[in-house]
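Secondary and tertiary structure notes
So you can see what is in the structure, the chains are spelled out below.
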Amino acid sequence: MKKHDRIQRYSAPERINHWIVAFCFVLVTLSGLGFFFPSFNWLMHVLGTPQLARILHPFVGVMMFVAFMLMFFRYWRHNLPERQDLEWAKNIHKIAQNEEVGDTGRYNFGQKCVFWAAIISLVLLLASGIVIWRPYFAGAFAIPVIRLALVVHSVSAVILIIVIMVHIYAALWVKGTITAMVEGWVTSAWAKHHHPRWYRAVRERQPEQQEKRP
Ligand code: HEM
């Protein structure tokens, strides 16, 4: 492919940031499922031993939260709801057939939902995780508060797992998307088809240097 057919979507630091979040997510998800279901106890070994998993799981969780916050502050503006989103949502059946509708900007409505669901569940996971974190913080809370925090922690973990499964499915199913997060670029055709308004903004700002993103 000719280089000018490519548009940069993510810089190297952005991609490293994203993959740190993804790596931490895999570790906390597997070890968390290991704590939760006796038949999945063996999953705790992703963090070494079951004892080590108990110690490391909250630290890896905090690392994921901090890394995600960097993404949050970088992308929140692009994920604000817009009038165009309504058209996208109304035509979700067409999207499922790989058609595009509306004048989508940098992110579509589906991506925006993933973004906000992720930040809400991560905040809930962090807050409830602190309440149940032994030996550091749990002692400071009453038993009913700890019980409530355990429910909040489990429910938000399930929500985040489902949301990220949708995110991964979409990233692999929409052809040409994965290169954005692996190598940093997308093709002009991909941008024009899936994010026409973002494509025009890139071209308007850098008609010569077409590979840079705004
Ligand atoms: C193996 C797992 C994952 C894969 C394959 C994956 C793939 C991708 C891809 C291809 C993109 C670029 C999409 C685009 O620019 O149109 C992306 C963006 C993004 N990913 Fe992931 N991802 C994974 C895990 C995660 C996790 C665990 C989180 C958060 C908890 C996450 C949060 C995000 C965010 C916030 C964006 C920017 C899109 C937006 O702001 O709406 N990803 N991911």
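Here the structure is a predicted model, which is why all the values come from computation and not from measurement.

Let us now look at the overall build of the protein. Regarding its fold elements, the protein presents 9 helices and 2 strands. Reading the helices (α) and strands (β) of the protein from amino to carboxyl end gives β-α-α-α-α-α-α-α-β-α-α. Its C-alpha atoms give the protein principal-axis dimensions of roughly 60 × 35 × 30 Å. Relative to its full complement of 214 residues, the protein shows a buried share of 38%.

With that settled, the discussion passes to the packing of helix α3 (residues 83-90) against helix α5 (residues 109-131). Relative to each other, α3 and α5 sit at 105°, their axes nearing to 9 Å. By the angle class used here, α3 and α5 are roughly perpendicular. Each of Asp85, Trp88 and Ala89 in α3 lies in contact with α5, whose residues at this interface are Phe109, Gly110 and Lys112.

Within the structure shown, the criterion is met by 17 aromatic pairs. When the centroid spacing of 6.1 Å and the interplanar angle of 40° are considered together, the rings of Phe68 and Phe115 count as tilted. Of the two residues, Phe68 sits in helix α2 (residues 50-75) while Phe115 sits in helix α5, which places them 47 residues apart along the sequence. Assessed through its relative accessible area of 9%, Phe115 is described here as buried. By way of ring pairs, the aromatic residues Phe68, Phe72, Phe73, Phe115 and Trp116 are connected into one cluster. Stacked on the ring of Trp185, the Lys or Arg Arg6 has its end atom at 4.0 Å from the ring centre. Here the guanidinium or amino end of Arg9 rests over the ring plane of Trp198, the centre of that ring lying 4.6 Å away.

This next bit is on a nonpolar patch on the surface. A contiguous nonpolar surface patch, about 750 Å² in accessible area, is contributed by Leu52, Ile55, Leu56, Phe59, Ile130, Tyr136, Phe137, Phe141 and Val145. Tallying contributions element by element places α2 first for the nonpolar patch, with 4 residues. Looking at the secondary structure, you find Ile55 in helix α2. Judged by relative accessible area, Ile55 falls into the partly exposed class, the value being 48%.

As a further point, take the side chain of Lys112. In this fold, Lys112 is placed in helix α5. Residues within four places of Lys112 in sequence aside, it is in contact with His78, Asn79, Leu80, Pro81, Glu82, Asp85 and Tyr107.

The next point concerns the coordination of the iron atom of the ligand. On the protein side, the iron atom of the ligand has His18 (NE2) and His167 (NE2) as donor atoms, found 2.0 Å from it. One way to put it: the 6 donor atoms around the iron atom of the ligand meet at angles of 86 to 179°, and that makes the site octahedral. Placement of the pair is His18 in helix α1 (residues 12-36) and His167 in helix α6 (residues 143-173), with a sequence separation of 149 residues. The buried category is assigned to His18, whose relative accessible area is 13%. Using a relative accessible area of 34% as the deciding quantity, one classes His167 as partly exposed.

This paragraph deals with the UniProt feature "domain: Cytochrome b561 bacterial/Ni-hydrogenase" (unreviewed entry) in the protein. As annotated by UniProt and renumbered to match this structure, "domain: Cytochrome b561 bacterial/Ni-hydrogenase" (unreviewed entry) occupies residues 9-184. The span residues 9-184 is 70% helical and 0% strand by assignment, and the distance between its end C-alpha atoms comes to 6 Å.

Here is what the cut-offs are and how they apply
- Residues numbered from 1 in each chain as written.
- Predicted model: local features only at pLDDT ≥ 70, side-chain atom pairs only at ≥ 80, totals over all residues.
- Heavy atoms only, no water.
- Helix = DSSP H or I, 4+ residues; strand = E, 2+ residues; numbered from the N terminus.
- Buried < 20%, exposed > 50% of the residue type's maximum accessible area, 1.4 Å probe, protein only.
- Axes fitted to C-alpha atoms, helices over the stretch in contact; angles between N-to-C directions.
- Parallel < 35°, antiparallel > 145°, perpendicular 65-115°, else oblique.
- Contact = heavy atoms within 4.5 Å.
- Phe/Tyr/Trp six-rings, centres within 6.5 Å; stacked < 30°, edge-to-face > 60°.
- Lys NZ or Arg CZ within 6 Å of the ring centre and 35° of its normal.
- Patch = residues over 30% accessible without salt bridge, like charges linked within 9 Å, V, L, I, M, F, W, Y side chains within 5 Å.
- Areas by Shrake-Rupley, 256 points an atom, 1.4 Å probe, with all protein chains shown as cover.
- Salt bridge = Lys/Arg side-chain N within 4 Å of Asp/Glu carboxyl O.
- Donors = N, O, S within 2.8 Å, 3.2 Å for Na, K, Ca; no water.
- Tetrahedral: all angles 85-135°; square planar, octahedral: opposite > 155°, others 65-115°.
- UniProt positions renumbered as here; feature names shortened; annotations may be inferred.

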